[in-house]
Amino acid sequence: MSFRVVADLDLCQAHQVCQHEAPDVFGFDEDADKVVVLQDDPDVSLREQVASALRYCPAMALAIEEEEQA
Ligand code: SF4
């Protein structure tokens, strides 16, 4: 099932763990000091990486939303 990635920028504390876990999906805005979601609708093959980023984000700022297949 496809999924969407959501980042709560109010919670993000700029730890950048997510970029380490899933560099294709998460970037970082140095000026804003916040995560940037590079792909909010990533391929399912990246799901494990994204799940790791969610698991290890110290601020719990990331979420996966399941998407129904059309
Ligand atoms: S790991 Fe969490 S707190 Fe750190 S940059 Fe990513 S979203 Fe923000």
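Refer to the structure above for everything that follows.
Not measured: the values here are computed from a predicted model.

S.K.: Describe the site of the ligand, listing the residues and the values that go with them.
M.R.: Around the ligand, the structure places Cys12, Gln13, Ala14, His15, Gln16, Val17, Cys18, Gln19, Val35, Cys57, Ala59 and Leu62. Of the pockets mapped on this structure, the ligand occupies the largest cavity. With three residues, helix α1 (residues 17–21) is the largest single contributor of residues to the shell around the ligand. For the shell around the ligand, a count of residues per class yields eight nonpolar, four polar and no charged.

S.K.: Before we move on, can you summarise the packing of aromatic side chains with the specific residues and values?
M.R.: With the rule as written, the count across this model stands at zero aromatic pairs. Positioned over the ring face of Phe3 is Arg47, at 5.1 Å from the centre of the ring.

S.K.: I'd like a rundown of the pairing of strand β2 (residues 26–29), residues and numbers included.
M.R.: Two elements, β2 and strand β3 (residues 34–37), share four bridges in a ladder whose sense is antiparallel. Across the sheet, the residue bridging to Gly27 is Val36, located in β3. Between β2 and β3, which pair antiparallel and follow one another directly, the connecting turn spans four residues, one of which, Asp33, has a positive phi of 65°.

S.K.: Got a sec to walk through the pattern of salt bridges? Specific residues and values, please.
M.R.: Overall, the coordinates contain three salt bridges when judged by the stated rule. Across the pair Arg47 and Glu66 runs a salt bridge, and its minimum N-O distance is 2.6 Å. Taken together, the positions of Arg47 in helix α2 (residues 47–56) and Glu66 in strand β4 (residues 62–66) put the pair 19 residues apart, joining distant regions of the chain. By relative accessible area, which is 27% here, Arg47 ends up partly exposed. The structure contains a network of salt bridges with shared partners spanning Arg4, Asp40 and Glu67.

Conventions adopted
- Residues numbered from 1 in each chain as written.
- Predicted model: local features only at pLDDT ≥ 70, side-chain atom pairs only at ≥ 80, totals over all residues.
- Heavy atoms only, no water.
- Near = heavy atom within 4 Å.
- 1 Å grid on protein atoms, 1.4 Å probe; cavity = no way out; pocket = protein on both sides within 12 Å on 5 of 7 lines; lining within 4 Å.
- Sits in = over half its atoms within 2 Å of the grid points.
- Helix = DSSP H or I, 4+ residues; strand = E, 2+ residues; numbered from the N terminus.
- Nonpolar A, V, L, I, M, F, W, Y, C, P; charged D, E, K, R; others polar.
- Phe/Tyr/Trp six-rings, centres within 6.5 Å; stacked < 30°, edge-to-face > 60°.
- Lys NZ or Arg CZ within 6 Å of the ring centre and 35° of its normal.
- Pairing = 2+ DSSP bridges.
- Salt bridge = Lys/Arg side-chain N within 4 Å of Asp/Glu carboxyl O.
- Buried < 20%, exposed > 50% of the residue type's maximum accessible area, 1.4 Å probe, protein only.

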